[in-house]
Amino acid sequence: MTTPALLPLSGRRLPPLNLGASAFPHHRATLRLSEKFILLLILSAFITLCFGAFFFLPDSSKHKRFDLGLEDVLIPHVDTSKGGKNLGGFLIHGQGHDEHRHREEEERLRNKIRADHEKALEEAKEKLKKSRDEIQAEIQTEKNKVVQELKKKDSKPLPPVPLPNLIGINSGEPADPDIREKRNKIKEMMKHAWDNYRQYGWGHNELKPIARKGHSTNIFGNSQMGATIVDALDTLYIMGLHDEFREGQEWIDKNLDFSVNSEVSVFEVNIRFIGGLLAAYYLSGQEVFKIKAVQLAGKLLPAFNTPTGIPWAMVNLKSGVGRNWGWASAGSSILAEFGTLHMEFVHLSYLTGDPVYYNKVMHIRKLLQKMDRPNGLYPNYLNPRTGRWGQHHTSVGGLGDSFYEYLLKAWLMSDKMDTEARKMYDDAIEAIEKHLIRKSNGGLTFIGEWKNGHLERKMGHLTCFAGGMFALGADGSRDDKAGHYLQLGAEIAHTCHESYDRTTLKLGPEAFKFDGGVEAVAVRQNEKYYILRPEVIETYWYMWRFTHDPKYRQWGWEATQAIDKYCRVSGGFSGVKDVYSSSPTYDDVQQSFFLAETLKYLYLLFSSDDLLPLDNWVFNTEAHPLPVLHLQERRQTLDKTRPLNQASTGVRNEALHI
């Protein structure tokens, strides 16, 4: 039931007035309110004029009496003719032997005020002698000093935390020379993308490779936050491009500033920036990445200030004001956005000992557990004010995808101790398999979308990540169904490969249908584009790791060749607008996720399994690897090295849920 809007005062029921004779006197002894207001305005103008005249008077001896008059206002004067007695009921300076001391104090204060006044006038005269450029330079210098002080304050060292046992952050060199050659080709593509961004878009969020200039979208606000630099760091590191990695680190250290008046996407900034910075920290051990990640996380926390604790989609990094996308179901938050914070926020609590991050994401989980779910499915929209679902639209693609991914990965990242997350994942997957997964007439397994009580037989490129998710979650599934889910992952991988293979460019469209005789093909023109997305290649990599079936490397190499042939331009890599056209036009955007995800997954596909092994690393939804947290070992370490401040350790234990 909706709550009625509050009526304005004029519309409320008021007690009746007594309209007797006394209510309307024939004369009035007081001024009307409007007359009082006019008199007050005149008096205010007169006082302002007096004070303004004082401050703009020239420094002349004939005005010194006026100056002293001001001092007399500030310092009460002793009237010696009356012996400092009580005047008008108020004791001004006391009586008897204290009179001399108070006169000295009065004179000292008078001299100080005069000296400060003269000093201020001299400084003002000196300022006026300088040119406009000199004054602006001085102002900028003072601003820089303030900024540096704030940076020093924000850059205070974080408590030392033992790093998890990091395995497989180097090498991965394949023994097969043919595979090694293909891996080197992917590394060269990464170098081409990075070098052109370095030359034409450095510091901007992304690159326009044809126009050869910087590019940004509204998810990053109006600031230059170097999204490509942060997103690409871990890919550079695992590829052994250490000079490029140091370039990025230097820019981040000197230029990455979150105290900007910019409205950003909480979800995108979390997965790209916090995820990228944390991964760079774990891989390299450089403290600057951890410090920056914690600084940024603090800027995102105000987004959680809603009646339910479900965060806003957008937040202003400076003011902390949040809001939701205007198009999202009557002001709702989006499942894939507020449900894709867990991995990064748990690591933030692990590294800082501050449970606030962990508590924020666990509050979201507890709220979702209490809610009814139609057919066991999670709708894509949830209103952060009311705590109620918006439109009953469920998708494993856009708007929903990474929520399910993070349930599974929360369990994996906890060294399989977070059984609550695993149960939520299993329940969700059973409902998805029952209501959303179907086979086409041609035998292709696809995942549709549930909209207002019926299934739309359309699958998005974003949904193709699910093949890898099913394979990753096969081990540990209910009722010993590991083989079933591995097979389901293989079927999704095959369907998504078909969506690539049935195009002219051998690159997949944004979405494809399974209606009638049309299968795995885009129908609408606005669904035929390819923007360098990684999800299909991501599934190839997971399937390769779990099966070592050579077809996944073959399919990955087909995609590599197609990207290099049709998306490569002299200034980097660009998406294309129609994968069914033999001469497509470019969209002129080199997405940051192309360097973070697409090229990373391709590189890992042609590397040996000892590079970032899945028993030790869990990839966030932007492909940033975060280590598995062996929390039992962590607790034992804390017990052995427990600091004197027991309360501090207790807070960290709470943050780790141990």
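Residues numbered from 1 in each chain as written. Predicted model: local features only at pLDDT ≥ 70, side-chain atom pairs only at ≥ 80, totals over all residues. Heavy atoms only, no water.

Caption draft 1: Representation of the sheet that holds strand 11 (residues 449–451) in the model. In spatial order, the strands read 8-11-12; together these 3 strands make up an open sheet with antiparallel pairing. For this open sheet the edge positions go to strand 8 (393–394) and strand 12 (454–456), each flanked by a neighbour on one side alone. Two elements, strand 8 and strand 11, share 2 bridges in a ladder whose sense is antiparallel. By the bridge assignment, His393 is partnered in strand 11 with Lys451. (Pairing = 2+ DSSP bridges. Helix = DSSP H or I, 4+ residues; strand = E, 2+ residues; numbered from the N terminus.)

Caption draft 2: Representation of the pairing of strand 15 (residues 518–521) in the model. Summarising the sheet, strand 14 (residues 511–515) and strand 15 pair through 3 bridges and their orientation is antiparallel. Looking at the pairing, Lys513 lines up with Val521 of strand 15. If you look at the hairpin formed by strand 14 and strand 15, you'll find 2 residues sitting between the two strands, and Gly516 has a positive phi there, around 60°.

Caption draft 3: Just the packing of helix 16 (residues 482–501) against helix 18 (residues 550–566), in detail. At a minimum axis separation of 12 Å, helix 16 and helix 18 run at an interaxial angle of 30°. On the basis of the axis angle, helix 16 is roughly parallel to helix 18. Handedness of the helix 16/helix 18 crossing: left-handed. Mapping the contact onto sequence places Ala490, Ala493, His494, His497 and Tyr500 in helix 16 and Tyr552, Trp555, Glu558 and Ala559 in helix 18. (Axes fitted to C-alpha atoms, helices over the stretch in contact; angles between N-to-C directions. Parallel < 35°, antiparallel > 145°, perpendicular 65-115°, else oblique. Left-handed = near helix turned anticlockwise from the far one by under 90°. Contact = heavy atoms within 4.5 Å.)

Caption draft 4: Focus on the pairing of strand 14. Burial of strand 14 is extensive: 4 of the 5 residues sit out of reach of the surface. Looking at chain direction, strand 13 (residues 458–460) and strand 14 are connected through 3 bridges and run antiparallel. Residue Lys458 lies in a different strand from strand 14, and its bridge partner there is Lys513. (Buried < 20%, exposed > 50% of the residue type's maximum accessible area, 1.4 Å probe, protein only.)

Caption draft 5: Summary view of the side chain of His624. Summarising the element assignment, His624 is placed in the loop between strand 18 (617–619) and strand 19 (625–627). Sequence-distant contacts of His624, that is, excluding residues within four places in its chain, are made with Val230, Asp231, Asp234, Ile271, Arg272, Gly275, Gly276, Ala279, Ala596, Lys600, Val618 and Phe619.

Caption draft 6: Structural view of the environment of Glu181. Within the secondary structure, Glu181 sits in helix 5 (residues 177–200). The exposure class assigned to Glu181 is exposed, which follows from its relative accessible area of 55%. Separated by 425 residues in the primary sequence, Glu181 and Phe606 have C-alpha atoms spaced 9.2 Å apart.

Caption draft 7: How the structure looks around the layout of surface pockets. By volume, the largest pocket is sized at about 1200 Å³. In terms of lining, the largest pocket is formed by 48 residues, of which the most central are Glu268, Gly398, Leu399, Leu462 and Arg533. Listing elements by their share of the lining of the largest pocket, those giving two or more residues are helix 8 (266–284), helix 10 (335–338), helix 13 (401–413), strand 11, strand 13, helix 17 (535–547) and helix 19 (592–605). Among the elements that make up the lining of the largest pocket, the one with the highest residue count is helix 8 (4 residues). Here the residues of the lining of the largest pocket sort into 16 nonpolar, 15 polar and 17 charged. (1 Å grid on protein atoms, 1.4 Å probe; cavity = no way out; pocket = protein on both sides within 12 Å on 5 of 7 lines; lining within 4 Å. Points joined across faces, edges and corners; volume = space filled by probe spheres on them. Nonpolar A, V, L, I, M, F, W, Y, C, P; charged D, E, K, R; others polar.)

Caption draft 8: Summary view of unusual backbone geometry. At Asp479, a residue that is not glycine, the phi angle is positive and equals roughly 55°. Since its relative accessible area comes to 67%, Asp479 is described here as exposed.

Caption draft 9: Broad picture of the state of the cysteines. Under the counting rule described, the total for this entry stands at 1 disulfide. A sulfur-sulfur distance of 2.0 Å marks the disulfide that ties Cys464 to Cys496. One disulfide, between Cys464 and Cys496, carries an S-S torsion of -95° and so falls in the left-handed class. Remark: Cys496 occurs in helix 16 and Cys464 occurs in the loop between strand 13 and helix 15 (466–472); sequence separation between them is 32 residues. Side by side, Cys464 and Cys496 carry an identical accessibility label, which is buried. (Disulfide = S-S within 2.5 Å.)

Caption draft 10: How the structure looks around the pattern of salt bridges. Throughout the structure, instances matching the rule amount to 38 salt bridges. Taking the shortest distance from any N to any O, the salt bridge between Lys182 and Asp178 comes out at 3.3 Å. Pair noted here: Lys182 and Asp178 are both in helix 5, with a separation of 4 residues, about one helical turn. Note that Lys458 is salt-bridged to Glu527, the shortest N-O span being 3.1 Å. Note that Lys458 is positioned in strand 13 and Glu527 in the loop between strand 15 and helix 17, a separation of 69 residues in sequence. Pair check on accessibility: Lys458 and Glu527 agree, each one buried. One salt-bridge network, held together by shared partners, links Arg422, Lys423, Asp426, Asp427, Glu430 and Arg478. (Salt bridge = Lys/Arg side-chain N within 4 Å of Asp/Glu carboxyl O.)

Caption draft 11: Region of interest: empty space enclosed by the protein. Under the counting rule described, the total for this entry stands at 6 cavities of 30 Å³ or more. Quantified by volume, the largest cavity comes out at close to 150 Å³. Mapped onto the lining of the largest cavity, the elements with two or more residues apiece are helix 12 (356–370) and helix 13. Partitioning the lining of the largest cavity into residue classes produces 10 nonpolar, 3 polar and 1 charged.

These figures come from the coordinates and say nothing about function on their own.
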